[in-house]
Amino acid sequence: MSYTKFGEFMRILRVQHHEVMGDVAKLLNVSTPFLSAVENGKKNVPEEWFAILTEHYSLSDMEIAKMKEAAENSKTQVKISLSNSESYQRETALQFARSFEGIDEDTAVKILELLKKGKQS
């Protein structure tokens with residue numbers, strides 16, 4: 001079974017606290033299969049889980065940051081609002097979405113470099 005980064009994070013927490021997936025599902029008020037789907041990357045991590053998990057496990061600021069980063073790296077879908085964007089931004093976003101599955105690693109690295117440069121300006 002393959003876990004996402006968030007799934008790995010959760011599994012470590014459960015082991016450290018002697019809990020099983022059913023215990024955590026009950027805590028989060030979801031079914032065990034739903035929790036499993038999130039940990040396996042079939043569903044995104046619900047935003048409201050962060051506060052529940054932080055309180056239940058008394059997570060430090062560093063652990064919270066690690067959990068949120070793991071959740072971000074485990075996302076299976078991303079929504080982009082185009083409502084306040086310029087036409088060139090919409091065109092870029094849509095072309096990226098259409099081309100996404102065909103992007104190789106070299107191209108992805110180049111795109112990331114361009115985006116990081118733009119963010120620094």
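Computed from a predicted model, the values in this text were never measured in an experiment.

**Considerations on the overall build of the protein chain**
Line of reasoning, step 1. Looking only at helices and strands, the protein chain features seven helices and zero strands.
Line of reasoning, step 2. When the helices and strands of the protein chain are read in sequence order from the N terminus, they spell out α-α-α-α-α-α-α.
Line of reasoning, step 3. Relative to the 2.2 N^0.38 estimate, which gives 14 Å for 121 residues, the radius of gyration of the protein chain is 18 Å and therefore markedly larger than a compact globule would have.
Line of reasoning, step 4. Taking the principal axes of the C-alpha coordinates as reference, the protein chain spans close to 50 × 30 × 30 Å.

**A closer look at the packing of helix α2 (residues 21-28) against helix α3 (residues 32-39)**
Line of reasoning, step 1. Taken N-terminus to C-terminus, the directions of α2 and α3 make an angle of 100°; their axes are 8 Å apart at the nearest point. Overall, the two elements α2 and α3 adopt an arrangement that is roughly perpendicular. Counted together, M21, G22, V24, A25 and L28 of α2 and T32, L35, S36 and E39 of α3 form the full contact between these two elements.
Line of reasoning, step 2. Tallied by class, the residues present in the contact of α2 with α3 amount to five nonpolar, three polar and one charged.

**A word on helix α1 (residues 5-16)**
Line of reasoning, step 1. Taking 1.5 Å of rise per residue, the twelve residues of α1 would be expected to cover 16 Å, and the 17 Å separating its terminal C-alpha atoms lies within 8% of that figure.
Line of reasoning, step 2. Looking at the packing, one finds that the buried side of α1 touches α2, α3, α4 (49-57) and α5 (61-73).
Line of reasoning, step 3. Downstream of α1 by a residue or two, H18 has a phi angle that is positive, lying close to 55°.

**Concerning the packing of α1 against α5**
Line of reasoning, step 1. Taken N-terminus to C-terminus, the directions of α1 and α5 make an angle of 140°; their axes are 7 Å apart at the nearest point. In terms of orientation, α1 and α5 fall into the oblique class. Where α1 abuts α5, its residues K5, F6 and F9 lie against E63, K66, M67, A70, A71 and N73.
Line of reasoning, step 2. In terms of residue class, the contact of α1 with α5 is made up of five nonpolar, one polar and three charged.

Conventions and cut-offs
- Residues numbered from 1 in each chain as written.
- Predicted model: local features only at pLDDT ≥ 70, side-chain atom pairs only at ≥ 80, totals over all residues.
- Heavy atoms only, no water.
- Helix = DSSP H or I, 4+ residues; strand = E, 2+ residues; numbered from the N terminus.
- Rg over C-alpha atoms; globule rule 2.2 N^0.38 Å.
- Axes fitted to C-alpha atoms, helices over the stretch in contact; angles between N-to-C directions.
- Parallel < 35°, antiparallel > 145°, perpendicular 65-115°, else oblique.
- Contact = heavy atoms within 4.5 Å.
- Nonpolar A, V, L, I, M, F, W, Y, C, P; charged D, E, K, R; others polar.
- Expected span 1.5 Å × (residues − 1).

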